[in-house]
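Summary of structural features
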Amino acid sequence: MSLQTTLNLLALVLSGGMAALLAAVLWFYASPTAHTHYRHWAAAWASHAAYYLLGALSFGLGTLAPLGPAGRFALSGATQVASVLGALLLVIGAVGYVERRRFTARALGTAVLVAVVLGLGVAALSQVPEWRVVRQLTRALLSAASFLLAGGIVLRHRRARGRPGRLLGLTMAGFGLVHLHYFAYAVLSAMDARPPYSLGHVTIFDVAWITAIVTTMIALAFADEQEEAAAKLRRQESEFRQMIENSSDLVMILDRDLSLRYASPSCARVLGWEPALV
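These figures come from a predicted structure and were not determined experimentally. (Residues numbered from 1 in each chain as written. Predicted model: local features only at pLDDT ≥ 70, side-chain atom pairs only at ≥ 80, totals over all residues. Heavy atoms only, no water.)

What follows covers the overall build of the chain. Looking only at helices and strands, the chain features 8 helices and 2 strands. Reading the secondary structure of the chain in the N-to-C direction produces α-α-α-α-α-α-α-β-β-α. Considering the chain as a whole, with its 278 residues, one finds that 38% of them fall into the buried category. Long-range contacts, defined as pairs at least 24 residues apart, comprise 67% of the intrachain contacts of the chain with a sequence gap of at least 6. (Helix = DSSP H or I, 4+ residues; strand = E, 2+ residues; numbered from the N terminus. Buried < 20%, exposed > 50% of the residue type's maximum accessible area, 1.4 Å probe, protein only. Contact = heavy atoms within 4.5 Å.)

What follows is the structure in structure tokens.
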């Protein structure tokens, strides 16, 4: 294989592996009782991983062992469905993150149905030589739009005021701009005005962008975990304080040297002294 072919295949495999790793981490992190909204993002990255790995398979078979028409359509259809589904779930995941909620099964089923119909339609069109550019345009435009929109949603929300949130929004928007470049490249190629460089040399940067997104999403997940742990501790402290302050029993906290650190408000009723005078 040529250097360009090897770079293309390596970029697809590495991007798919990183996307699969992120999907596994997010799915493991999203428990049934907390952070369930991360499962949308986990499904989105699983779809992106399927797209990259199916693309690597299609690219490798096309180079080493070309398939027949039926095989090409099946592989192209699966790749396009994964691409569309990944784009839709990425935006759903961003909305679920900022609103801290999971979408209903009906909404997710609608996203899957749209992905299947649109993906198979693009795959069918791409079987016609004159319409093969539609596949590249659709993939690039959907990816660019989904990453830019998801990055904008995360950046505009108050939950992204922390450093991991802002960095995640910026990296997702940056990855969207990379795919916008892919869209422009496909348009210029369709107009017989292809730039004087190969797109295969550019796709290797997908690995760097996905690595940045993986890092920031994991950092964001840990930051969310710390935030929820702190909020839970504050709730417990508030509940404990209310229980003591409203109790009819006298509660006193002493140091080792028997110095009074705290006396509950019932001190005035039990001892006849205000807590500040004890």
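Tracing the chain through its elements places His48 in helix α2 (residues 38–64). There is a polar contact of 3.5 Å between the side chain of His48 and the backbone oxygen of Gly86. For His48, the contacting residues outside a window of four places in its chain are Ala19, Gly86, Ala87, Arg139 and Phe147. (Polar contact = N/O pair within 3.5 Å; in protein donor to acceptor, adjacent residues only side chain to side chain.)

A separate point is the environment of Glu225. Following the sequence through the fold, Glu225 ends up in helix α7 (residues 205–245). Considering only alpha carbons, one finds Glu225 and Tyr29, 196 residues apart in sequence, at a separation of 9.4 Å.

Turning our eyes to something else, we now look at helix α5 (residues 132–156). An α-helix turns once per 3.6 residues; consequently, residues spaced three or four apart project the same way. Look at α5: 37 Å from first C-alpha to last across 25 residues, which is about the 36 Å you get at 1.5 Å a residue. Within α5, the full set of buried residues consists of Val134, Thr138, Arg139, Ala140, Ser143, Ala144, Ser146, Phe147, Ala150, Gly151 and Val154. (Expected span 1.5 Å × (residues − 1).)

The biggest cluster of nonpolar side chains holds 43 residues, and the ones touching the most others in it are Leu26, Tyr38, Trp41, Trp45, Leu90, Ile213 and Met217. Looking at this core element by element, the count peaks at 10 residues for helix α3 (residues 69–99). (Core = buried A, V, L, I, M, F, W, Y, C linked by side-chain atoms within 4.5 Å.)

Its place among the elements puts Ser126 in helix α4 (residues 105–126). Residues Ser126 and Gly77 lie 49 residues apart in sequence; the distance between their C-alpha atoms is 9.6 Å. Not counting chain neighbours up to four residues away, the residues in contact with Ser126 comprise Ser76, Trp131, Arg132 and Arg135.

Turning next to the packing of aromatic side chains. Counted according to the given criterion, the structure contains 3 aromatic pairs. Among the aromatic residues, those joined into a cluster by ring pairs are Trp45, Phe147 and Phe175. We note Arg139 situated over the ring of Tyr52; from NZ or CZ to the ring centre the distance is 5.8 Å. (Phe/Tyr/Trp six-rings, centres within 6.5 Å; stacked < 30°, edge-to-face > 60°. Lys NZ or Arg CZ within 6 Å of the ring centre and 35° of its normal.)

Before going further, it helps to spend a moment on the packing of α3 against α5. At a minimum axis distance of 8 Å, the contact between α3 and α5 shows a crossing angle of 10°. By the criterion of interaxial angle, the relationship of α3 to α5 is roughly parallel. Each of Ser76, Gln80, Ser83, Val84, Ala87, Leu90, Val91, Ala94, Val95, Tyr97 and Val98 in α3 lies in contact with α5, whose residues at this interface are Arg135, Arg139, Leu142, Ser146, Phe147, Leu149, Ala150, Ile153 and Val154. In terms of residue class, the contact of α3 with α5 is built from 14 nonpolar, 4 polar and 2 charged. (Axes fitted to C-alpha atoms, helices over the stretch in contact; angles between N-to-C directions. Parallel < 35°, antiparallel > 145°, perpendicular 65-115°, else oblique. Nonpolar A, V, L, I, M, F, W, Y, C, P; charged D, E, K, R; others polar.)

Once that is clear, we can look at the side chain of Ser47. Within the secondary structure layout, Ser47 lies in helix α2. In this view, Ser47 contacts Ala82, Leu85, Gly86 and Leu89; residues no more than four positions away in its chain are not counted.

As a further point, take the environment of Ala78. Within the secondary structure layout, Ala78 lies in helix α3. Owing to a relative accessible area of 34%, Ala78 belongs among the partly exposed residues under this scheme. The spatial distance from the C-alpha of Ala78 to the C-alpha of Gly55 is 9.5 Å, given a sequence separation of 23 residues.

Where nonpolar side chains cluster on the molecular surface, the patch consists of Met252, Leu254, Leu258, Val270 and Leu271 and spans about 460 Å² of accessible area. For Leu258, the location among the structural elements is in the loop between β1 (252–254) and β2 (260–263). (Patch = residues over 30% accessible without salt bridge, like charges linked within 9 Å, V, L, I, M, F, W, Y side chains within 5 Å. Areas by Shrake-Rupley, 256 points an atom, 1.4 Å probe, with all protein chains shown as cover. Salt bridge = Lys/Arg side-chain N within 4 Å of Asp/Glu carboxyl O.)

Turning to the packing of α4 against α5, a few remarks are in order. At a minimum axis separation of 6 Å, α4 and α5 run at an interaxial angle of 145°. For the pair formed by α4 and α5, the contact residues are Leu118, Val122, Leu125 and Ser126 on the first element and Arg132, Val134, Arg135, Thr138 and Leu142 on the second. Residue composition of the contact of α4 with α5, grouped by class: 5 nonpolar, 2 polar and 2 charged.

Relative to the 32 Å expected for 22 residues at 1.5 Å per residue, α4 spans 31 Å between its end C-alpha atoms, a close match to the ideal helical length. On the buried face of α4, the contacting elements are α3 and α5.

What follows is about the confidence of the model for the chain. Mean pLDDT for the chain: 77, with 83% of residues reaching 70 or above. Averaged over each element, pLDDT in the chain is lowest for helix α8 (residues 267–270) (73) and highest for α4 (87). (pLDDT = per-residue confidence, 0-100.)

Once that is clear, we can look at the pairing of β2. Sheet topology places β1 next to β2; 3 bridges connect them, and they run antiparallel. Each residue of the ladder has a partner; that of Leu254, found in β2, is Leu260. If you look at the hairpin formed by β1 and β2, you'll find 5 residues sitting between the two strands, and Leu258 has a positive phi there, around 70°. (Pairing = 2+ DSSP bridges.)

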